[in-house]
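The residues making up each chain are set out below.
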Amino acid sequence: MSDYRPETICVQGGYTPGNGEPRQIPIIQSTTFKYATSEDMGKLFDLEASGYFYTRLQNPTNDAVAAKISQLEGGTAAMLTSSGQAANFYAVFNIAGCGDHVVASSTIYGGTYNLFHVTMKRMGVEFTFVEPDCSEEELEASFRPNTKAVFGETIANPALTVLDIEKFAHAAHAHGVPLIVDNTFATPVNCRPFDWGADIVTHSTTKYMDGHGAGVGGCIVDSGKFDWLAHADKFPGLTTPDESYHGITYAEKFGLGGAFITKCTAQLMRDFGSIQSPQNAFLLNLGLESLHVRMPRHCENALAVARYLKESPKISFVTYPGLEGDRYYALAQKYMPHGTCGVVSFGFRGGRMAAETFMKHLKLAAIETHVADARTCVLHPASATHRQMNDQELAAAGITPDLVRLSCGIEHADDLIEDIRQALEAV
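Read on for a plain summary of the structure. (Residues numbered from 1 in each chain as written. Predicted model: local features only at pLDDT ≥ 70, side-chain atom pairs only at ≥ 80, totals over all residues. Heavy atoms only, no water.)

1. Let's talk about the packing of aromatic side chains
Enumeration over the complete set of coordinates arrives at 20 aromatic pairs. When the ring of phenylalanine 89 is compared with that of phenylalanine 272, the centres are 5.4 Å apart and the planes differ by 85°; the resulting orientation is edge-to-face. On the criterion of sequence distance, the pair formed by phenylalanine 89 in helix H4 (residues 84-93) and phenylalanine 272 in helix H11 (residues 255-272) is long-range, its members being 183 residues apart. Since its relative accessible area comes to 11%, phenylalanine 89 is described here as buried. Its relative accessible area of 42% is what places phenylalanine 272 among the partly exposed residues. With a centroid separation of 5.0 Å and 85° between ring planes, the pair formed by tryptophan 228 and phenylalanine 235 is classed as edge-to-face. An aromatic cluster of at least three residues, connected via ring pairs, comprises Tyr113, Phe116, Phe127, Phe129 and Phe151. The positively charged end of lysine 253 is found above the aromatic ring belonging to phenylalanine 254, 5.8 Å away from the centroid. (Phe/Tyr/Trp six-rings, centres within 6.5 Å; stacked < 30°, edge-to-face > 60°. Helix = DSSP H or I, 4+ residues; strand = E, 2+ residues; numbered from the N terminus. Buried < 20%, exposed > 50% of the residue type's maximum accessible area, 1.4 Å probe, protein only. Lys NZ or Arg CZ within 6 Å of the ring centre and 35° of its normal.)

The following block contains the structure:
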């Protein structure tokens, strides 16, 4: 199935029914699974056999959907999590612990920034945040002997900066560490970070992949390309025996293609339990089946809206990487020539008050703590998703007090523009 084009994988990837079996992925809504003998179950606990014994670790419905996302990204293994936040936490914590260091782009989603800057700092993991536009010399200077990973977003939320994946991958690999890329906004329909050197990809599947605001979820995908054993001293959790699993060394037993996800499941999912429910995985799969159809419409609508806003005298700036003249247009054309995302960020000459007035008068676009949905929604990040940041941190994340994030759905572009026009009249 991995040899098929993305459109076909969206519809049929991850699950192939046998003769007389359900055509749609079955929802295995069971917490546990029956075995004939204790010996049979013991093999599962020792990671000596594949199978299922408790949904907190693995579930057939979840695994089928994860396999589809892995195929879309061109990876070797994947796992679903309860949210995008859980996916990012697991992806980093799987290889970086107390006393370690991670380099991250500064223009990442506010929730992820807080996870790194506050919560994981309390766990002993230090982060250095760098501008995505930093020079190679500045990026090089951010590394330390104890650096274990580099993290960035393909398209940052909500700053809409585009990560120069090759530049960050080159720097990461020069220091023997993997590049982790959150590919939520672009989705594998528009960008596959593994093709440009990334090693681990994460997603908030709550966004475009689900696409209908039905289920919260996340996903981690491994490229299977990073050689953990070549940098064994940096990643003892993968390259030395795990006593909690009878001395298994993940990188040796499961190879490049399976070590990272197996360890993430066997240790982190076992201990933290941030599993996606089988029902949500089923809903996610329904969204994935139309992802390749929806993404072009999201991008078309966003570009039309961005061009309209660009001409308004009340708007101080418009940020959209697919818009000609945008600061990240060239990078977007390199990494995402067929489209970027459906999210447009813009600001008002009248400042924060003008932004709030505009949002109050929208009729079609709903004010929501959500983004990347079939329905158009809008948010003022400085007072919502990024309100935990001070002015200096907001500026570093590319967010101004007057910034509005508009997520264009798949409605008709003319209706979206008319809604914007009438709301601008009130400003």
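2. What about helix H15 (residues 351-360)?
Listed in full, the buried residues belonging to H15 are Ala354, Ala355, Phe358 and Met359. One face of H15 carries all of its buried residues, which in axial projection span an arc of 135°. Relative to its buried face, H15 has exposed residues pointing more than 90 degrees away, namely Met353 and Lys360. In the core, the buried residues of H15 are packed alongside strand E9 (343-348), strand E10 (366-367), strand E11 (377-379), strand E12 (404-407) and helix H17 (413-425). (Arc of directions from axis to C-beta. Contact = heavy atoms within 4.5 Å.)

3. Let's talk about the sheet that holds strand E6 (residues 200-204)
The sheet built from seven strands is open, its strands ordered E1-E7-E6-E5-E4-E2-E3 with mixed pairing. The open sheet has two edge strands, strand E1 (77-81) and strand E3 (126-130), and neither has a second partner. Across the sheet, the mean angle separating the axes of adjacent strands is 20° when strand polarity is ignored. Two strands pair when backbone bridges link them, and strand E4 (residues 147-153) and strand E5 (residues 179-182) are joined in this way by four bridges, in the parallel orientation. Counted as the bridge partner of glycine 152 is valine 181 from E5. Each of strand E2 (101-105), E3 and E4 touches helix H5 (residues 110-122); the most contacted strand, E3, lies at about 150° to it. With respect to the sheet, H11 is in contact with E1, E6 and strand E7 (218-222), its orientation differing from that of E1 by roughly 25°. (Pairing = 2+ DSSP bridges. Axes fitted to C-alpha atoms, helices over the stretch in contact; angles between N-to-C directions.)

4. Remarks on unusual backbone geometry
Cis rather than trans, the peptide bond between asparagine 157 and proline 158 has omega equal to 5°. For proline 158, the location among the structural elements is in the loop between E4 and helix H7 (165-174). For threonine 187, which is not a glycine, the phi torsion comes out positive at approximately 60°. Along the chain, threonine 187 turns up in helix H8 (residues 187-190). By relative accessible area, which is 0% here, threonine 187 ends up buried. If you check the backbone angles, alanine 372 has positive phi at about 60° while not being a glycine. Within the secondary structure layout, alanine 372 lies in the loop between E10 and E11. Given the relative accessible area of 0%, alanine 372 is considered buried.

5. Notes on the nonpolar core
The biggest cluster of nonpolar side chains holds 126 residues, and the ones touching the most others in it are Ile220 and Phe346. For this core, the element with the most residues is helix H13 (residues 291-310), which contributes eight residues. Sequence-distant contacts of phenylalanine 346, defined by excluding residues within four places in its chain, comprise Leu309, Ile315, Phe317, Val318, Phe358, Asp402, Leu403, Val404 and Leu406. (Core = buried A, V, L, I, M, F, W, Y, C linked by side-chain atoms within 4.5 Å.)

6. Remarks on the pattern of salt bridges
This structure, assessed with the given rule, holds 11 salt bridges. A salt bridge links glutamate 48 to lysine 253; its shortest N-O distance comes to 3.6 Å. Placement of the pair is glutamate 48 in the loop between helix H2 (38-45) and helix H3 (60-73) and lysine 253 in helix H10 (residues 250-253), with a sequence separation of 205 residues. Since its relative accessible area comes to 52%, glutamate 48 is described here as exposed. Among the ionic pairs, lysine 334 bridges to glutamate 166, the shortest N-O distance being 2.7 Å. With a gap of 168 residues between them, lysine 334 in helix H14 (residues 329-335) and glutamate 166 in helix H7 connect regions that are remote in the sequence. (Salt bridge = Lys/Arg side-chain N within 4 Å of Asp/Glu carboxyl O.)

7. With respect to a negative patch on the surface
Side chains of Glu131, Glu136, Glu137, Glu138 and Glu140 sit close together on the surface and give a patch of like negative charge. Mapped onto the fold, glutamate 131 is located in the loop between E3 and helix H6 (136-141). Relative accessible area serves as the criterion here: at 42%, glutamate 131 is assigned to the partly exposed category. (Patch = residues over 30% accessible without salt bridge, like charges linked within 9 Å, V, L, I, M, F, W, Y side chains within 5 Å. Areas by Shrake-Rupley, 256 points an atom, 1.4 Å probe, with all protein chains shown as cover. Lys, Arg positive; Asp, Glu negative; His and termini not counted. Charge placed at Lys NZ, Arg CZ, Asp CG, Glu CD.)

8. Quick word on the side chain of asparagine 88
Here asparagine 88 lies in helix H4. In this structure the side chain of asparagine 88 is engaged in a polar contact, spanning 2.7 Å, whose partner is the side chain of threonine 202. Ignoring sequence-local partners within four residues, the contact set of asparagine 88 consists of Thr112, Leu115, Phe151, Asp182 and Thr202. (Polar contact = N/O pair within 3.5 Å; in protein donor to acceptor, adjacent residues only side chain to side chain.)

9. Regarding the packing of H13 against H17
At a minimum axis distance of 9 Å, the contact between H13 and H17 shows a crossing angle of 30°. Relative to H17, H13 is oriented roughly parallel. Read as a crossing pair, H13 and H17 show a hand that is right-handed. In this structure, H13 uses Asn301, Ala304, Val305, Tyr308 and Leu309 to contact H17, whose residues at the interface are Ala413, Leu416, Ile417, Ile420, Arg421 and Leu424. Grouping the constituent residues of the contact of H13 with H17 by class yields nine nonpolar, one polar and one charged. (Parallel < 35°, antiparallel > 145°, perpendicular 65-115°, else oblique. Left-handed = near helix turned anticlockwise from the far one by under 90°. Nonpolar A, V, L, I, M, F, W, Y, C, P; charged D, E, K, R; others polar.)

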